[in-house]
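# Structure at a glance
Here is how the chains run, residue by residue.
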Amino acid sequence: MNTLRRFVRLSRPFWHDRGQWQGWLMLAAVIGLGLLVVQINVLINSWSKAFYDTLAAFDTAALYGLVGQYALYLGAYVLIIVGLDYIRKRLELRWRQAMTARLTDAWLADHAFYRLGLSGEPDNPDQRIAQDVDLMVGLSIELVASLVINLAQVGAFALILWNLSGVQTFSLFGESFTVHGYLLWIVVIYTLTGSVLTHLIGKPLHALNYEREHREADFRASLLRKRDHAEQIALYRGEGVEREQLARRFQAIASNWRQLIGRERDLSLFTVAYQRLSLIIPVFAAMPAFMSKAITLGGLMQIRSAFSAVHDSLSWFIKLYNKLVRWSAALERLDQFERAIEASRQQVVSAPQGSCLCAQGLTLCRPDGSALLSNLDLRVGQGQWLRLAGRSGLGKSTLLRTLQGLWPYCRGNWQLPPGRSLLLPQKPYLPQMRLHELLAYPQLQRFDDVLLIDALVKVGLSELVSRLGDEAEWERVLSGGEQQRLSLARALLYQPDTLYLDEATSQLDFNAAYGLLRMLRRELPQCTVVGVTHQVGLGELFERTLELEPQPQPA
């Protein structure tokens, strides 16, 4: 029941959206075409009796007509199956697009992705959004559509099998028993028994598949981190450690795989035997009637076909058990992720926007609740430059993030400054995109090349002017100092009302850093700047300095 509740919760936003009427139409088409397949199977079942009876009678002329009839059924079947598969994939894409957009928006909204990283986020959110959504959507459509179609097939062929069974009388312990539709009862009891045993054998697969997704994602993420930090690893000559770490990650995958393989082997031993046995059961069950000549060879084949149709439909749970397990694991991971995002919203600390940046009695805490900085009072007028000073690790960067409205673990009274604000961290974020887009980040607008060139020249990156249209991995192309220069160019283009500098020139020599900050004062005269820097001599560019004191530790 938990799995069904998760499914309803995760799928409701898409299917309750009135704008998704096309999705409902596609789902109806998938089910409708599936029901047509059931109807063709019913016609083929009737055809099989006529064919085998005609074959037994050596009626060559009638056989040609039956072959032509089967060709029509086959052509219709192929067209319907192809059309069903096409519409199902279109529906899958539509649902996946909507769900991916919803989860991505929720993850990025209100800095949830940032807060989750502070408080222990669910593992590998990238894998959950990309792979688990794909698994859930694809398997949901397949499972729901196949369940409806199989129920319809049970209804159609159960009646046929009931009629073919007739009435059988049995003697047991001297008592006479009359059973109507005995073949139908045989297939129902056989299938229910198989379903219960399948679940008992395969139940551990859910946890194993959940863990499989986790460990596979950890291994991929570890490989990506090695690539992102290739230079640092090479400088340290750390290949041996990295190789050992990757081997441990893969060993976790291998251990999980061995358990999966063993459990799937046990399940296959049962399900393969179950499926093969089901092929002969209807023949043995109808053999007495055939031997007594109560039914013809065609009748025996029709019974076998109807029995198989009912059995296959009732075996939906058994046939799709592995997919059901993967589906339930994907649902659990997505549900955990979505609930974590919702829980993170409770951590949002909002501050009013006032005429200036100010705080009174502001206390910063660590994620565990312990105090980092206490009872801070500050006021920064529009256009002023304030430097935050104090020893490393005191909480200066955390204070900047609090004033920017990012850090959720704080209390007290403060207000945000008017207008737009921008924080430049020590290590700039340089995603792989065209240079003109990189300079505009975080804005979506396209700047005129004249403005972009002017910003590059002012920060000392004139050699990049000819590469505005180039796309590259700029973290690898640019040195640390060049990356910080590019970050300052962003500030010139963004024109913030308040600018937070967190060691934003630490990779530059003093003269370069001094000149760039003077340039910022000249180009952004009305901008309020709150900065953190340990570069001696840069303090004179700031009008005020706030000395931060460490929080006394309890005895």
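What you are looking at is a predicted structure, and each value in this text was computed from that prediction instead of being measured.

The rules behind these values
Residues numbered from 1 in each chain as written. Predicted model: local features only at pLDDT ≥ 70, side-chain atom pairs only at ≥ 80, totals over all residues. Heavy atoms only, no water. Salt bridge = Lys/Arg side-chain N within 4 Å of Asp/Glu carboxyl O. Helix = DSSP H or I, 4+ residues; strand = E, 2+ residues; numbered from the N terminus. Buried < 20%, exposed > 50% of the residue type's maximum accessible area, 1.4 Å probe, protein only. Core = buried A, V, L, I, M, F, W, Y, C linked by side-chain atoms within 4.5 Å. Patch = residues over 30% accessible without salt bridge, like charges linked within 9 Å, V, L, I, M, F, W, Y side chains within 5 Å. Areas by Shrake-Rupley, 256 points an atom, 1.4 Å probe, with all protein chains shown as cover. Expected span 1.5 Å × (residues − 1). Contact = heavy atoms within 4.5 Å. Phe/Tyr/Trp six-rings, centres within 6.5 Å; stacked < 30°, edge-to-face > 60°. Lys NZ or Arg CZ within 6 Å of the ring centre and 35° of its normal. Pairing = 2+ DSSP bridges. Axes fitted to C-alpha atoms, helices over the stretch in contact; angles between N-to-C directions. Parallel < 35°, antiparallel > 145°, perpendicular 65-115°, else oblique. 1 Å grid on protein atoms, 1.4 Å probe; cavity = no way out; pocket = protein on both sides within 12 Å on 5 of 7 lines; lining within 4 Å. Points joined across faces, edges and corners; volume = space filled by probe spheres on them. Nonpolar A, V, L, I, M, F, W, Y, C, P; charged D, E, K, R; others polar. UniProt positions renumbered as here; feature names shortened; annotations may be inferred.

For the structure on display, the rule yields 24 salt bridges. Among the ionic pairs, E92 bridges to R88, the shortest N-O distance being 3.4 Å. Placement of the pair is E92 and R88 together in helix α3 (residues 60–108), with a separation of four residues, close to one helical turn. Neither residue differs from the other here; E92 and R88 are each classed as buried. Its salt-bridge partner being D470, residue R467 comes within 3.0 Å of it at the nearest N-O pair.

By size, the foremost hydrophobic cluster in this structure holds 44 residues, and its most contacted members are L424, L435, L439, V459, L486, L499 and L520. Counting only elements with at least two residues in this core, the list comes to β7 (421–424), α14 (435–440), α15 (449–458), α17 (480–494), β10 (498–502) and α18 (510–523). In this structure, M99, I129, V133 and L143 belong to the second largest nonpolar core, which totals 32 residues.

To continue, consider a nonpolar patch on the surface. A grouping of Y70, L74, Y77, V78, I81 and V82 is seen on the molecular surface, where their side chains present a nonpolar patch of about 490 Å² in accessible area. Relative to the elements of secondary structure, V82 occurs in helix α3.

Right, let's get into α3. Side chains of residues three or four places apart in an α-helix project in the same direction, reflecting 3.6 residues per turn. An ideal rise of 1.5 Å per residue puts 72 Å on 49 residues; α3 measures up with 71 Å between its terminal C-alpha atoms. For α3, every residue scored as buried is listed here: L63, L66, Y73, I80, L84, R88, L91, E92, W95, M99, L103 and A106. Where α3 is buried, its residues contact α1 (2–15), α2 (21–56), α4 (112–118), α5 (125–165) and α12 (321–344). Trailing α3 by a residue or two, D110 shows a phi angle of about 55°, which is positive.

As a further point, take the packing of aromatic side chains. According to the stated counting rule, one finds 14 aromatic pairs in the structure shown. Ring geometry for W47 versus Y70: centroids 4.7 Å apart, planes at 35°, classification tilted. Separated by 23 residues along the polypeptide, W47 in helix α2 and Y70 in helix α3 bring together distant segments of the chain. An aromatic cluster is defined as three or more aromatic residues linked by ring pairs; in this entry it consists of F14, W15, W24 and W95. Between the NZ or CZ atom of R420 and the centre of the ring of Y494, over which it lies, the distance is 4.1 Å. Sitting above the plane of the W385 ring, R521 keeps its charged end 4.9 Å from the centroid.

This part takes up the sheet that holds strand β5 (residues 385–389). Ordered in space as β7-β10-β11-β5-β12, the five strands form an open sheet in which the pairing is parallel. Each edge of the open sheet carries a strand with a single partner, namely β7 and β12 (544–547). Between one strand and the next, the sheet's axes are offset by a mean angle of 15°, whatever the strand orientation. Taken together, the five bridges between β10 and strand β11 (residues 528–532) define a ladder with parallel strand orientation. Across the sheet, Y500 pairs through a bridge with V530, a residue of β11. Where α17 meets the sheet, its contacts fall on β7 and β10, and the angle it forms with β7 comes to roughly 175°.

Once that is clear, we can look at the packing of α1 against α3. Contact geometry of α1 with α3 gives a least axis separation of 10 Å together with a crossing angle of 100°. In terms of orientation, α1 and α3 fall into the roughly perpendicular class. On α3, the residues that touch F7, L10, S11, P13, F14 and W15 of α1 are L91, R94, W95, A98, M99 and R102.

Attention shifts here to the layout of surface pockets. One number sums up the size of the largest pocket: a volume of about 1,600 Å³. As for the largest pocket, its lining consists of 41 residues, and the residues nearest its centre are H111, F113, Y114, Y429 and Y441. Breaking the lining of the largest pocket down by element, the ones donating at least two residues are α4, α7 (205–228), β7 and α17. Taken together, the residues that form the lining of the largest pocket break down as 23 nonpolar, nine polar and nine charged. Counting only elements with at least two residues in the lining of the second largest pocket, the list comes to α2, α3, α5, α10 (297–314) and α11 (316–319). The element best represented in the lining of the second largest pocket is α5, accounting for eight residues. Counted by class, the lining of the second largest pocket contains 16 nonpolar, nine polar and four charged residues.

A separate point is the UniProt feature "transmembrane region" (unreviewed entry) in the protein chain. As annotated by UniProt and renumbered to match this structure, "transmembrane region" (unreviewed entry) occupies residues 21–42, 62–87, 135–162, 182–202 and 267–291. As annotated, residues 62–87 comprises 100% helix and 0% strand, and the C-alpha atoms at either end are separated by 38 Å. From the first C-alpha to the last, residues 135–162 spans 38 Å; its make-up is 100% helix and 0% strand.

This paragraph deals with the sheet that holds strand β4 (residues 371–380). Strand order in the open sheet formed by three strands is β4-β3-β6, with antiparallel pairing between adjacent strands. The sheet is open, and its two borders are formed by β4 and β6 (410–415), each paired with just one other strand. Each adjacent strand pair in this sheet contributes to an overall mean axis angle of 5°, direction not counted. Pairing between strand β3 (residues 357–365) and β4: six bridges, direction antiparallel. Bridge assignment links C365 to a residue of β4, and that residue is A371. Set on the sheet, helix α13 (residues 396–403) makes contact with β3, β4 and β6; between it and β3 the angle comes to about 125°.

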